[in-house]
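An overview of the molecular structure
One-letter residues, chain by chain:
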Amino acid sequence: MEELLAAVLVCLLAVPILGFLGSYTRRVRAQLAVHKIGDPAVAHRALIDNADDFSDRPVGIFPVSLATWRDGEPNENVTTVSYGRHWSALRCNLTADILHPTRLASLAPLQQEAARALVARLSGAGAEVADVREHITAAVFALVAQLCFGEDAAVDDVRAMGSMIRGFLFAAGELSPRFDGSALSKLLNWRGLRGITGMIRRQGELYLPLIEARRGRRPRLPLCAGGGIPVHPYVDSLLDLRVPDDGEGNALRTLRDGELVGLVLEFLGAGMGSVSACLEWTLAHLIDQPEVQDKLRREIIAAEGSGQSLRSMPYLDAVVLESLRMHPPVPFIMRGAHGEGAKAIIGGTAAVVPADGLRVLFNLGDIGRDNKTWTDPDRFRPERFLAGGEAEDIGPSPGPKEIRMMPFGAGHRHCPGMNMGMLNIKCFLAPLVREFEWAPSAEDCSNGVDMTEVDGFLKLMKKPLSACVTRTH
Ligand code: HEM
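In this text, all values refer to a predicted model and were calculated from it rather than measured experimentally.

The next subject is the sheet that holds strand β5 (residues 332-337). With respect to topology, three strands assemble into an open sheet ordered β1-β6-β5, the strand pairing being mixed. Looking at which strands have only one partner, the edges of the open sheet turn out to be β1 (34-37) and β5. Each strand of the sheet is rotated relative to its neighbour by a mean of 30°, with strand direction disregarded. Strand direction decides the pairing type here: β1 and strand β6 (residues 358-363), joined by four bridges, are parallel.

Tetrahedral coordination by four donors sets the ideal angle at the metal to 109.5 degrees; octahedral coordination by six donors sets it to 90 or 180 degrees. Counting protein donors around the iron atom of the ligand gives one, C415 (SG), at 2.3 Å. For C415, the location among the structural elements is in the loop between α15 (364-368) and α16 (418-435).

Looking at the ligand, there are 27 residues lining it, with R57, W87, R91, R335 and C415 nearest. Measuring from an oxygen atom of the ligand, one finds a side-chain N or O atom of W87 at 2.8 Å. Those elements that place two or more of their residues in the shell around the ligand are α4 (85-96), α11 (257-288) and β5. At five residues, α11 tops the list of elements feeding residues into the shell around the ligand. Grouping the amino acids of the shell around the ligand by side-chain chemistry returns 16 nonpolar, six polar and five charged.

Bringing a nonpolar patch on the surface into the picture now. Taken together, L4, V8 and L12 make up a surface patch of nonpolar side chains, about 310 Å² in accessible area. Examined against the element boundaries, L4 turns out to sit in helix α1 (residues 2-32). Residue L4 is classed as exposed on the basis of its relative accessible area of 57%.

Let's shift gears to the packing of α11 against helix α13 (residues 314-326). Between α11 and α13, the least distance of the axes is 9 Å, while the angle of their chain directions is 110°. Regarding the angle of α11 to α13, the classification is roughly perpendicular. Packed against α11, whose contacting residues are C278, W281, T282, H285 and L286, the element α13 presents V319, V320, S323, L324 and M326 at the interface.

The sites that UniProt annotates as "binding site: heme" (unreviewed entry) are C415. What makes C415 partly exposed here is its relative accessible area of 29%. Ignoring any residue separated from it by four or fewer positions in sequence, one finds C415 in contact with R91 and F408.

Let us look at the nonpolar core. Counting 111 residues, the largest nonpolar core has F149 and Y207 as the members making the most contacts within it. The biggest single contributor to this core is α11, with 16 residues. If near-sequence neighbours (up to four positions away) are discounted, Y207 is found in contact with F149, M161, I165, V261, V264, L265 and L268. Within the second largest apolar cluster, 18 residues are counted, among which are F54, A337, A342 and M406.

Cut-offs and rules
- Residues numbered from 1 in each chain as written.
- Predicted model: local features only at pLDDT ≥ 70, side-chain atom pairs only at ≥ 80, totals over all residues.
- Heavy atoms only, no water.
- Pairing = 2+ DSSP bridges.
- Helix = DSSP H or I, 4+ residues; strand = E, 2+ residues; numbered from the N terminus.
- Axes fitted to C-alpha atoms, helices over the stretch in contact; angles between N-to-C directions.
- Donors = N, O, S within 2.8 Å, 3.2 Å for Na, K, Ca; no water.
- Near = heavy atom within 4 Å.
- Polar contact = N/O pair within 3.5 Å; in protein donor to acceptor, adjacent residues only side chain to side chain.
- Nonpolar A, V, L, I, M, F, W, Y, C, P; charged D, E, K, R; others polar.
- Patch = residues over 30% accessible without salt bridge, like charges linked within 9 Å, V, L, I, M, F, W, Y side chains within 5 Å.
- Areas by Shrake-Rupley, 256 points an atom, 1.4 Å probe, with all protein chains shown as cover.
- Salt bridge = Lys/Arg side-chain N within 4 Å of Asp/Glu carboxyl O.
- Buried < 20%, exposed > 50% of the residue type's maximum accessible area, 1.4 Å probe, protein only.
- Parallel < 35°, antiparallel > 145°, perpendicular 65-115°, else oblique.
- Contact = heavy atoms within 4.5 Å.
- UniProt positions renumbered as here; feature names shortened; annotations may be inferred.
- Core = buried A, V, L, I, M, F, W, Y, C linked by side-chain atoms within 4.5 Å.

The structure is reproduced here in structure tokens:
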């Protein structure tokens, strides 16, 4: 009799407990669910028409931001920080000086020097270059490190930082798809998270002495003042920056060491990774289509002969845009969506929207190859961006009326480094094509260049590009 009563009691208790657990799991699942958008029209409704609702980032999913927590303090950077006053302070600091469009012309001597070093490096590498990516990333990183630290970074430090950031981007890219920020995924991925935390700590050990060197430097000279508007290394602006204190009121404070490290890491990683990825993809297509390569070389030689700058080479622009359309270096962007408008667009089912918004993932590769908006989307055809082509009015960022490609994102959180990124790509690509003939490596001669993509933090060539490189003169 007692056993029967106990069984009945257990059943009576189990029903509400199981019911509660079931609804709790459904609620957490709905909150953690990722809503995927690959349709350009839906992306436009979200990011342009409802920009305010889609301007947050769901912080929990960034293993990187989790790993940068120190002593209970989140060490935010521009990418991870929630939309608001703190974000605005960090972003304005970046765009007011080093990334400001009026400053870009002043950077030309540094860019030309970095491109010359890459040409010299490739000239000494022999006819068959086994890993083009390796050479490109080293050269791009040297430039970006200079923009960040000024002349204080020694060559060995730059090399060490470059290889560490490559390792970091790879590890973060590996972990990100498996990581949803839940307690379970933290547990399952503790080893990967620990690895990333260690990498950030080691990077801090490299960056902080360089940051300190800039702090102590008086006067802090600009990077390049000759002729154009003086530009200061990014670190100088961070040392002078005041951000809102997290408490009430309008109090401001300087950045903590952990924040400085996170912001420097973001600048170096964003500046190197995407530009290098785009250069590698572009060279792969130029090897695959020698007629496009020849046409581009003719334009570069003619423009330079007549003293025109990189800004007036329409075919160079078209080649870079076509590469970015097909292989956006950042394959996905994540946004946290709030508000009824956002729910209506993504069809969200969560009753309670998490503080950092419902998770929405925009697939930039799908958007650039949408066959409703592009003819022959899988063909590399830069001519589509020339006058009279189907995309003659399309640039790197979407206009207000429609989205056809968005390699730099869209809306309030679009990439602030777009102008510098485009310029850096072109200032390396033009001399690489002018100085060298690019042909398939012996191995690719029979099979063609392998264009298989792999999506991690960046969209990279699965098989790093190798090439046969000969001087044109
Ligand atoms: C080819 C070069 C580049 C590409 C393709 C690229 C792409 C992107 C994309 C897709 C986003 C997300 C935008 C969104 O959510 O709508 C982004 C954000 C960002 N990028 Fe870039 N980027 C490039 C170069 C750079 C450079 C040179 C810098 C700075 C040195 C930079 C700094 C940033 C920052 C700070 C963010 C976060 C913006 C925010 O959340 O407010 N990027 N980038």
